[in-house]
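# Coordinate analysis (summary)
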Amino acid sequence: MTDADTNLSNLTTLWLLLGAYMVFLMQAGFALLEAGSVRAKNTKNILIKNLMDGCLGALVWYFIGYHLAYGTKDSCTGGSDCNGFVGNGADVLMNKAAELAPLGNAGSGHYYAGWMFQWAFAAAASTIVSGAVAERCKFGAYLAYTAALTGVIYPVVVNWGWSAHGWLSPWTGTEPYLGANGMIDFAGSGIVHMTGGVAALVGAIFLGPRTGRFSPSGECIDMPGHSSVLVALGTFILWFGWYGFNPVSTLAFEYMETAARVAVTTTLGAAAGGVTALSIHYGFTKSLDVGPMCNGILAGLVAITGNCVVIEPWAAALIGAIGAAIYYGFSALLRKLKIDDPLDASSVHGACGAWGVIAAGLFAKQKYVLNDYGAEGGADDYGALYGGGGKQLGNQIAGVLAIIAWVGFTSSVLFGVLKYAGMLRVPVEEEEVGLDTSHHGGNAYNFEKELDSKA
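Presented here is an overview of the structure given in this document. Keep in mind that this is a model prediction, so the values were computed, not measured.

### What to know about helix α9 (residues 290–305)
A rise of 1.5 Å per residue sets the reference length of α9, with its 16 residues, at 22 Å; its end C-alpha atoms lie 23 Å apart and thus fit the reference within 8%. With 13 of 16 residues buried, α9 is to be regarded as a mostly interior element.

Structure, rendered in structure tokens:
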């Protein structure tokens, strides 16, 4: 390996590590966003869940999730060793490190940096659920669904869409199992966000609404969060972290041209989403509110994540704007159905994640598909609106339906068992006094003590 090759390999490792750090920083964004969106009496509860997403998520991803997502035996040539559904047990506890990352090899850093990058994605997927079940979910139930999502539910979807043998994957090395270019989901509109969003919706349904959320007549009672400042700061941090989520999903330093283009489409999707959501909200309420605009920005980001590498900048703005409209409409539908999702997690991540996957089948430009995917036999399959036919769009829809079915079924089993066992929801009296007091040793804000000291 020449010095130039060594330097490029080291830069790729650095690129992946920086991306992992930026995506992990999104946990701080989620923490601020969720803390600001709940009532002050539940601040500690939501914060400790976000902290545990990083801690518990890392351990579960190491011991279980990673090898189910990416572990493949060297002899994988078909049959049970190459099932297209889940990893087959190779690389348990990273036991292939000696083979794949020998000491002194400049390329060895890719193995560890890749694990870090994928762990940060897994932690993001599990965090999405905590917003939908906020203010009334037992901590033990939270631990159970986080472990299940990070250890089994999410890794299976990752294996489908991103591994070398997944049935939805474009990265099989030969013609993808579905034909065309497999399912295009570059940074995870479906694999990450829709997985978290569908699980969030199921959790919200099984938990039921917060006490007092709906009147006896069915009217939705507003329960605003306690800090728009935290919500806005959290949104800005998430937006920044998305530049690790999307551009760094190129996975190699040599693809800087592609990464730069992805940064542009990511920016335009977020911006269009924020403006659209604020405009829609103002049209209905005559109020320029922070919350809907922040959710619109996130909706645009989620919608652009899966297709950002194969679309033109103008399409990114359109996809982001449509994503914001989908979030706003889906949120209204949930309230109509008396489903209580305090952070609109299922609307932003679930509904907009599905749209982001489908949008790739509509707006993918042929030259970008060939440049960034180029699957064998997929040269004539790209966005239907560009004349690419319906095969790629069909793959995208199939992927959306499969993820909904898998995550919906497994999450229903999980939350159903927890509810049947009486382990899912806190008692009403604990909910009313606030989970900080009833479970976490007191309120997050000690205003009374401050006032007493001044007196």
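### Quick notes on unusual backbone geometry
Positive phi values are uncommon outside glycine, yet Leu251 reaches one of about 70°. Relative to the assigned elements, Leu251 resides in the loop between α7 (228–245) and α8 (256–285). For Leu251, a relative accessible area of 43% puts it in the partly exposed group. Even without a glycine there, the phi angle at Asp344 is positive, about 55°.

### With respect to helix α4 (residues 109–132)
An α-helix turns once per 3.6 residues; consequently, residues spaced three or four apart project the same way. Compared with the 34 Å implied by 1.5 Å per residue over 24 residues, the 37 Å span of α4 between its first and last C-alpha is a close match. Of all 24 residues in α4, 20 are buried; the element is thus mostly enclosed.

### Details of empty space enclosed by the protein
Taken as a whole, this structure holds five cavities of 30 Å³ or more when the rule is applied. Counted as a void, the largest cavity has a volume near 90 Å³. Of all the secondary-structure elements, those providing two or more residues to the lining of the largest cavity are α1 (3–37), α4, α9 and α11 (345–363). Considering only residue class, the lining of the largest cavity consists of seven nonpolar, three polar and two charged.

### Focus: the pattern of salt bridges
Evaluation of the coordinates by the stated rule reveals seven salt bridges. Among the salt bridges present, the one from Glu135 reaches Arg39, with a minimum N-O distance of 3.1 Å. On the criterion of sequence distance, the pair formed by Glu135 in the loop between α4 and α5 (139–162) and Arg39 in the loop between α1 and α2 (43–70) is long-range, its members being 96 residues apart. We classify Glu135 as buried; its relative accessible area is 1%. Exposure remark for Arg39: the relative accessible area of 21% places this residue in the partly exposed category. The closest approach of N and O atoms between Asp340 and Arg210, which form a salt bridge, is 2.7 Å. Here Asp340 is found in the loop between α10 (313–336) and α11, whereas its partner Arg210 is found in the loop between α6 (189–207) and α7, with 130 residues between them in sequence. Both residues of the pair, Asp340 and Arg210, belong to the buried class. In the salt-bridge network here, residues are joined through shared partners; they are Arg39, Glu135, Arg210, Arg213 and Asp340.

### Comments concerning the environment of Asn443
Here Asn443 is to be found in the loop between α15 (435–439) and α16 (447–454). Remark: the alpha-carbon pair of Asn443 and Ser331, spanning 112 residues in sequence, is separated by 30 Å. Discounting residues that sit within four places of it in the chain, Asn443 has contacts with Lys44, Asp436 and Thr437. Within the structure, the side chain of Asn443 is placed 3.1 Å from the side chain of Thr437, a separation counted as a polar contact.

### Remarks on the nonpolar core
Counting residues in each nonpolar core, the largest one holds 116 residues, and the members touching the most others are Tyr154, Phe245 and Val310. The leading source of residues in this core is α4, at 14 residues.

### A look at the packing of aromatic side chains
All told, the structure shown has 23 aromatic pairs when counted by the stated rule. Relative to Tyr145, the ring of Tyr142 has its centre 5.4 Å away and its plane inclined at 90°; by these criteria the two rings are edge-to-face. In this pair, Tyr142 and Tyr145 are both assigned in helix α5, three residues apart and thus about one turn of the helix distant. The same class applies to Tyr142 as to Tyr145, namely buried. Taken together, a centroid distance of 6.2 Å and an interplanar angle of 55° make the contact between Trp160 and Trp406 tilted. Pair noted here: Trp160 is in helix α5 and Trp406 is in helix α13 (residues 391–420), with a separation of 246 residues, a long-range link. With respect to burial, Trp160 and Trp406 carry one shared label: buried. Each member of the aromatic cluster is reached from another via a ring pair, and the members are Phe117, Phe121, Trp162, Trp242 and Phe245. Positioned over the ring face of Phe214 is Arg213, at 6.0 Å from the centre of the ring. One residue, Arg261, lies across the ring of Tyr368, its end atom 3.9 Å from the ring centre.

### Some details on the layout of surface pockets
Considering only enclosed or pocket space, the largest pocket measures out at about 1000 Å³ in volume. What lines the largest pocket is a set of 32 residues, and nearest its centre among them are Tyr70, Gln118, Trp162, Trp171 and Leu251. Every element with two or more residues in the lining of the largest pocket is listed here: α1, α2, α4 and α12 (366–372). It is α4 that contributes the most residues to the lining of the largest pocket, seven residues altogether. Considering only residue class, the lining of the largest pocket consists of 17 nonpolar, twelve polar and three charged. Its volume calculated, the second largest pocket comes out at about 860 Å³. Along the walls of the second largest pocket sit 31 residues, with Asp222, Asp289, Gly291, Pro292 and Asp344 positioned nearest its centre. Among the elements of the structure, α1, α7, α8, α9 and α10 are those that each provide at least two residues to the lining of the second largest pocket. The element that contributes the greatest number of residues to the lining of the second largest pocket is α10, accounting for five residues.

How each quantity is defined
- Counting restarts for each chain: residues are numbered from 1 in the order of the written sequence.
- Local features in this predicted model are restricted to residues whose pLDDT is 70 or higher, and side-chain atom pairs enter the listing and the counts only when it is 80 or higher, whereas totals over whole chains, interfaces and linings include all residues.
- Derived side-chain values reflect all non-hydrogen atoms in the structure, with water molecules and hydrogen atoms excluded from consideration.
- Here a strand is any run of E in DSSP of at least two residues, a helix any run of H or I of at least four, and the numbering for each starts at the N terminus.
- Any helix carries an expected span of 1.5 Å times its number of residues minus one.
- Burial here depends on accessible area, computed with a 1.4 Å probe over protein chains only, as a share of the maximum for the residue type. Under 20% is buried, over 50% is exposed, and the range in between is partly exposed.
- The pocket and cavity definitions rest on a 1 Å grid over protein atoms only: a 1.4 Å probe that fits but cannot leave marks a cavity, an open set with protein on both sides within 12 Å along at least five of seven lines marks a pocket, and residues lining either have an atom within 4 Å of a point.
- Grid points are joined across faces, edges and corners, and a volume is the space filled by probe spheres set on the points.
- All amino acids are sorted into three groups, where Ala, Val, Leu, Ile, Met, Phe, Trp, Tyr, Cys and Pro are nonpolar, Asp, Glu, Lys and Arg are charged, and the leftover types, Gly among them, are polar.
- Criterion for a salt bridge: a side-chain nitrogen of Lys or Arg within 4 Å of a carboxyl oxygen of Asp or Glu.
- Any pair of residues with heavy atoms lying within 4.5 Å of one another is described as a contacting pair.
- Two N or O atoms count as a polar contact when they lie within 3.5 Å, although within protein this holds only if one can serve as hydrogen donor and the other as acceptor, and sequence-adjacent residues are included solely when both atoms are side-chain atoms.
- Remark: nonpolar core denotes a set of buried residues (Ala, Val, Leu, Ile, Met, Phe, Trp, Tyr, Cys) joined through side-chain atoms within 4.5 Å.
- Two rings from Phe, Tyr or Trp (for Trp, the six-membered ring) form a pair when their centres sit within 6.5 Å of each other. Planes less than 30 degrees apart are called stacked, planes more than 60 degrees apart edge-to-face, and all others tilted.
- The rule for a charge over a ring is simple: NZ of Lys or CZ of Arg within 6 Å of the ring centre, and within 35 degrees of the ring normal.

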